[in-house]
Amino acid sequence: LDMAQFRFLLTGGVSMEDPPPKPAAWMEPQAWAELFRLSLLEGPYLKIHQKVEPELPRWKAAYDAPIPMEVLSNPDMGPSCVTGLPMFQRLLVLRCLRPDRLIPAVYNYVAGELGERFVTPPPFELGGSFSDSTSVTPLIFVLSPGADPFAALNKFATERNKEIKSISLGQGQGPRAETMIDEGVKTGTWVMLQNCHLCTSWMPKLESIVELMEPQQTHREFRLWLTSYPSATFPVSILQNGVKMTTEPPKGLRANIMGSFKTDPISDPAFFDGCSKDYEFKKLLYGLTFFHAVIQERRLYGPLGWNIPYEFTESDMRISVMQLTMFLDEYPNEVPFKALTYLTGECNYGGRVTDDKDRRLIMTMLEDYYTTDALQEGYTFFGQEYICPDPMKYEEYLEFIAKLPADPPPGVFGFHDNATLTKDRNETYAMMDALLLTVGTSSGGSDAGPEQVVGAVATDVLIRVPKPFDIAAVANKWPILYDESMNTVLRQELQRFNKLIVAILNSLEDIQKAIQGLLLMSAELETCFYHIFDGKTPEMWLAKSYPSRKPLGAYVNDLIERLHFFQTWYEEGIPVVFWISGIYFTQAFTTGALQNYARKYKVPIDTVTFDFETPKQFLKTLPTERPEDGVYTTGLFLEGCRWNDESWMLDESQPKVLTVPAPLLHFQPQLRTKLKVFNHYNCPTYKISTRKGTLSTTGHSTNFIMWIRVNSEVPESHWVKRGVAFLSQLDV
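Predicted model only: the values in this text are computed from it and were never measured.

A.B. asks: Even after reading the chapter, I still don't get the pattern of salt bridges, so can you show me in this structure?
C.D. replies: Should the charged atoms of two oppositely charged side chains come close, the side chains can pair. With the rule as written, the count across this model stands at 32 salt bridges. Between Asp64 and Lys60 there is a salt bridge, with the nearest N and O atoms lying 2.6 Å from each other. Note that Asp64 and Lys60 are positioned in helix 3 (residues 56-64) at a spacing of 4 residues, about one turn of the helix. A salt bridge links Glu314 to Arg318; the nearest nitrogen and oxygen atoms lie 3.7 Å apart. With Glu314 and Arg318 both in helix 16 (residues 314-330) and 4 residues apart, the pair spans about one turn of that helix. Classification of Arg318 by relative accessible area gives partly exposed; the value is 29%.

A.B. asks: Honestly, the state of the cysteines in this entry has me stumped. Any pointers?
C.D. replies: Among covalent bonds in proteins, the disulfide is the one between the sulfur atoms of two cysteines. For the coordinates displayed, the defined rule picks out 0 disulfides. Left without a disulfide partner, Cys81 is nearest to the cysteine sulfur of Cys96, which lies 11 Å away. We classify Cys81 as buried; its relative accessible area is 15%.

A.B. asks: Sorry, what's going on with the sheet that holds strand 9 (residues 608-613) here?
C.D. replies: On the basis of which strands lie adjacent, the open sheet formed by 4 strands has the order 8-10-15-9 and mixed pairing. Of all strands in the sheet, those bounded by a partner on one side alone are strand 8 (577-579) and strand 9. In this sheet, adjacent strand axes meet at a mean angle of 40° when their direction is disregarded.

A.B. asks: Looking at this structure, I do not really get empty space enclosed by the protein. What am I missing?
C.D. replies: Any empty space left between atoms is shown by rolling a water-sized probe over those atoms. Counting across every chain of the model gives 4 cavities of 30 Å³ or more. In this structure, the largest cavity occupies an estimated 130 Å³ of space. What lines the largest cavity is a set of 18 residues, among which Asn307, Lys357, Arg691, Val720 and Gly723 lie closest to the centre. For the lining of the largest cavity, the secondary-structure elements that each account for two or more residues are helix 18 (356-366), strand 16 (680-686) and helix 28 (716-722). With 4 residues, helix 18 is the largest single contributor of residues to the lining of the largest cavity. Its residues placed into classes, the lining of the largest cavity shows 10 nonpolar, 3 polar and 5 charged. If you add up the space inside the second largest cavity, you get close to 90 Å³. Every residue along the wall of the second largest cavity is listed here: Leu304, Phe415, His416, Asn418, Ala419, Thr422, Glu639, Gly640, Ser653, Val657, Leu658 and Arg722. Here the lining of the second largest cavity is composed, by residue class, of 5 nonpolar, 5 polar and 2 charged.

A.B. asks: What is the right way to look at the packing of aromatic side chains in this model?
C.D. replies: Here the distance between the centres and the angle between the planes together describe a pair of aromatic rings. With the rule as written, the count across this model stands at 53 aromatic pairs. Taking the centre distance of 6.2 Å and the plane angle of 45° together, the rings of Tyr286 and Phe290 count as tilted. Placement of the pair is Tyr286 and Phe290 together in helix 15 (residues 278-297), with a separation of 4 residues, close to one helical turn. The same class applies to Tyr286 as to Phe290, namely buried. Ring centres of Tyr379 and Phe381 lie 5.8 Å apart, and the angle between their planes is 85°; on these two criteria the pair is classed as edge-to-face. Each member of the pair, Tyr379 as well as Phe381, is classed as buried.

A.B. asks: Looking at this model, I keep getting lost on the nonpolar core. Mind explaining?
C.D. replies: One recurring pattern in soluble globular proteins: nonpolar side chains tend to sit buried together. Phe261, Tyr286, Phe290 and Trp541 are the most contacted members of the largest nonpolar core, which totals 129 residues. Residue contributions to this core peak at 11 residues, all from helix 23 (residues 486-515). Those residues in contact with Trp541, other than ones at most four positions away along the chain, are Leu500, Ala503, Ile504, Ser507, Leu508, Cys528, Ile532, Leu552, Tyr555 and Val556.

A.B. asks: Honestly, helix 11 (residues 203-211) in this entry has me stumped. Any pointers?
C.D. replies: Residues spaced three or four apart along an α-helix point in a common direction, a consequence of the helix completing one turn every 3.6 residues. Buried within helix 11 we find Met203, Leu206, Ile209 and Val210. Mapping the buried residues of helix 11 onto a view down its axis gives an arc of 115°, with all of them on the same face. Residues of helix 11 that are exposed and point over 90 degrees away from its buried face: Pro204 and Glu211. Buried residues along helix 11 sit against helix 10 (174-187), strand 3 (190-194), strand 4 (224-228) and helix 12 (236-241).

A.B. asks: When you look at unusual backbone geometry in this model, what are you seeing that I'm missing?
C.D. replies: Comment: phi is negative for the bulk of residues other than glycine, and the bulk of peptide bonds are trans. Across the junction of Asp264 and Pro265, the peptide omega takes the value 5°, indicating a cis bond. Within the secondary structure layout, Pro265 lies in the loop between helix 13 (253-261) and helix 14 (269-272). Although it is not a glycine, Asn195 sits at a positive phi angle of roughly 60°. Mapped onto the secondary structure, Asn195 falls in the loop between strand 3 and helix 11. Of note, the phi angle at Arg691 is positive, near 65°, even though the residue is not glycine. Examined against the element boundaries, Arg691 turns out to sit in the loop between strand 16 and strand 17 (704-711).

How each quantity is defined
- Residues numbered from 1 in each chain as written.
- Predicted model: local features only at pLDDT ≥ 70, side-chain atom pairs only at ≥ 80, totals over all residues.
- Heavy atoms only, no water.
- Salt bridge = Lys/Arg side-chain N within 4 Å of Asp/Glu carboxyl O.
- Helix = DSSP H or I, 4+ residues; strand = E, 2+ residues; numbered from the N terminus.
- Buried < 20%, exposed > 50% of the residue type's maximum accessible area, 1.4 Å probe, protein only.
- Disulfide = S-S within 2.5 Å.
- Pairing = 2+ DSSP bridges.
- Axes fitted to C-alpha atoms, helices over the stretch in contact; angles between N-to-C directions.
- 1 Å grid on protein atoms, 1.4 Å probe; cavity = no way out; pocket = protein on both sides within 12 Å on 5 of 7 lines; lining within 4 Å.
- Points joined across faces, edges and corners; volume = space filled by probe spheres on them.
- Nonpolar A, V, L, I, M, F, W, Y, C, P; charged D, E, K, R; others polar.
- Phe/Tyr/Trp six-rings, centres within 6.5 Å; stacked < 30°, edge-to-face > 60°.
- Core = buried A, V, L, I, M, F, W, Y, C linked by side-chain atoms within 4.5 Å.
- Contact = heavy atoms within 4.5 Å.
- Arc of directions from axis to C-beta.

By themselves, these are just geometric observations and shouldn't be taken as functional.
Below, the structure written as structure tokens:
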């Protein structure tokens, strides 16, 4: 493989240049930017971005196709500059155009070059791993979320007539585990130590126990089984010498529901048929298992599904099932939905949920399953294929579940169809990042090496990024005033940006010196060097920066735009329309707007909040005067839906359009007691698309900004399940 082309497949290329204007509205900005960077590889890709417009219908056909690689490979349908390329080189074009379909295409490429066995995971078979082990060789299960190998091991031990002693490690369990190992070494009993990652302080002791095991002094039937999530504290010597296995939990909605029905207590006939209100119990039981599967499958959709990917377990469902039968037995004349919803949503599952937006989501989801409508005949969770069946025998439930579709649509989980694109793209980029870790630093062939690439980028950025702002001059021109908090906001913002500018300029100057051999490159500087080579924003910069997920080129362009915005503010005065995306610490800006109102009308600031308006008169042209109260803002994006300019409210997304610019918003300060009442969705606003944040020392989240109420004619629950949010910046 050509190394430069391989690195492009993994990174999407590195360039500080802005691409020319898009040739068509349907072309996504990221796709066009990557195609432009692909043209810089030259060779077969020379000026490929200029070949898009002459064959626009063919490019559109590939973009719209369910399997775009088929179009890119077909001379009668695909662009002529692509169809004649070898398979691997077409993968690079596919990465630019449709990254969501890259993984299946890579599988096909590997299968075609090396054979099917390289893309087909081997079946999990304990016997084979056991035969590779000895009495002094530990067998290690590397756990993945939702997987529990104990049942399979227990069955395997029973087949071989072996006794297995198991203990779940945790605080204070080390001595007990040591005793079990000593007994097993003498008697030949199998010992299983579960969750080694939870007992980090005892791991060195375990390492010494395993190292001191001698075959002559150990019963030949003895086996030590260990389970652990990937952990930095797990002993390396045990990993190197042990037999390593991993199992993945059943994937998909159908497999998840089936797994729930086959676990205790649902699989126990006495429990399954033992409730005094059989009809209500079985209706709500099926709904509960469906809910359990849905909230787990939502994790696959990243931040659209959950801000934080929680590890919901079988024990959460088990306690909820037992409470369901208990409450139905205790309330013969009614179904206590309020109590069931609280215990299931707020306590059993909600006990794991730490984010308030996620808590709103889980309670909204549960309303579809714990509802009086679910007791009606023909109630469906989504379409006729996902009906809540009338009570039947246990075996009939298993047959019913087995007939559910293998590949459920996103709507089952509450999403728009576009959510599948988001999920597949996240998987693609995660795979490419993982592959990048295995690649060396060579850029291959006669192409420029890392020093030349990073040196050129450093020179370009040093030229473009301006010197720090003169804070004294700012303070002199825009002094702190009681009735204008925005002067304070400006000064604080420039102080923050100055720290970032200094960090960027110093690191790049040091890298240039290190390349010339004038400076020894520290570990931190070396990490920064390779981040730049991979086209990523260095961690050294992000430590002083506003949150951002942009690649290096886009990050630098975005930073320069922000600095230009503040330079204009400094030179010309407070803007009529604020570019809210360009503000480093957004909460200080919103607080300043509230403070101006509170001081103007002499009211306590804690009694004031924002009302939000989307003035129609500014749809095509921006305002020329500041509002009497509050601030005009622009720069937000909607994810999970779009803004309808005709109905002037939230609407469903267009196909393949994942984010859209939000309209101009008027942040109108108002007393909490006088807020407008209208049909709305209370939309969370985040700085970046990860949505997950931590509380900083100021008491504000590092990501969440505020709630914004926006017009909507559908119930709020619809948009909550869609995962709709405002973002202040995109990832590109």
